[in-house]
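Understanding the architecture of this molecule
So the chains spell out like this:
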Amino acid sequence: DAGVIQSPRHEVTEMGQEVTLRCKPISGHDYLFWYRQTMMRGLELLIYFNNNVPIDDSGMPEDRFSAKMPNASFSTLKIQPSEPRDSAVYFCASSRPGQGIETQYFGPGTRLLVL
Amino acid sequence: SQELEQSPQSLIVQEGKNLTINCTSSKTLYGLYWYKQKYGEGLIFLMMLQKGGEEKSHEKITAKLDEKKQQSSLHITASQPSHAGIYLCGADTGGGADGLTFGKGTHLIIQP
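Residues numbered from 1 in each chain as written. Chains lettered and ligands numbered in written order. Predicted model: local features only at pLDDT ≥ 70, side-chain atom pairs only at ≥ 80, totals over all residues. Heavy atoms only, no water.

A few words now on the pairing of strand β7 (residues 65–71) of chain A. Residue and element names in this part refer to chain A. Sheet analysis places β7 next to strand β8 (residues 74–79), joined by 5 bridges and oriented antiparallel. By the bridge assignment, F65 is partnered in β8 with I79. Linkage of β7 to β8, two consecutive antiparallel strands, is achieved through a turn of 2 residues. (Pairing = 2+ DSSP bridges. Helix = DSSP H or I, 4+ residues; strand = E, 2+ residues; numbered from the N terminus.)

With that out of the way, let us pick up the environment of B:H58. Tracing the backbone shows B:H58 in strand β6 (residues 55–58). On a C-alpha basis, the gap between B:H58 and B:M47 in space is 8.1 Å, while along the polypeptide they are 11 residues apart.

It is worth spelling out the state of the cysteines at this point. The tally for this structure, following the rule as stated, stands at 2 disulfides over all chains. Shown here is the disulfide that connects A:C23 with A:C92, its sulfur atoms set 1.8 Å apart. Its torsion about the S-S bond being -70°, the disulfide of A:C23 and A:C92 is classed as left-handed. Here A:C92 lies in strand β9 (residues 88–95) and A:C23 lies in strand β3 (residues 19–24), a separation of 69 residues in the sequence. Put simply, B:C23 and B:C89 are joined by a disulfide, and their sulfur atoms are 2.0 Å apart. Judged by the sign of its S-S torsion, about 75°, the bond between B:C23 and B:C89 is right-handed. In this pair, B:C23 is assigned in strand β3 (residues 19–25) and B:C89 in strand β9 (residues 85–92), connecting sequence segments 66 residues apart. The same class applies to B:C23 and to B:C89, which are both buried. (Disulfide = S-S within 2.5 Å. Buried < 20%, exposed > 50% of the residue type's maximum accessible area, 1.4 Å probe, protein only.)

Bringing the side chain of A:T110 into the picture now. Residue and element names in this part refer to chain A. Here T110 is to be found in strand β11 (residues 110–114). Classification of T110 as buried rests on a relative accessible area of 0%. Polar side-chain contacts of T110 include one of 2.5 Å to the backbone oxygen of P8. Apart from residues lying up to four places away in sequence, T110 is in contact with Q6, S7, P8, R9, L21, A88, V89 and Y90. (Polar contact = N/O pair within 3.5 Å; in protein donor to acceptor, adjacent residues only side chain to side chain. Contact = heavy atoms within 4.5 Å.)

As structure tokens, this is what we get:
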């Protein structure tokens, strides 16, 4: 299996521009998570989906952030308009169905720099 | 909300020495995950602990969860340069496949 795939790996943009991050979970995994990592705040959960349905988006910073999962193999995290404080590494993770707690497998992350 | 405290924040260890990283929760843990992150890369799953008193080992890394399920330790024996990186503990407080809450991480440097 190729693991969780994220694109782009690096993104540099100017303040005010729209940014779209993409994630392809591991096939067969029906949970998908978006995390953001910064030096100041560490790794934080933004939103997660189960069977393509958003379950908890309480971690989404503000209305500028939105996430979608149109099908089981693809999710996007969009920031519009972007701000310098959005600069961070954004990780996508997925886990497979089962009973109880399931291990989350992380993608390589997208490094976002907003100038 | 669940809070995880990791200690130490950073650690410099001479190659070949043993070391321990701690992760303490303010609440009972349904599951405790240990991940390793190399600088500039994603998180690599190491181990998951679920039961009080549970202990797991993988190569030279051993993780334990205390009986009260509020504290976990990660122990590395005879450290090697390949062990360098950031170690993160993540907690599941919902008892299911919810998003994880992570500690701030421990930066481990191995000196040759």
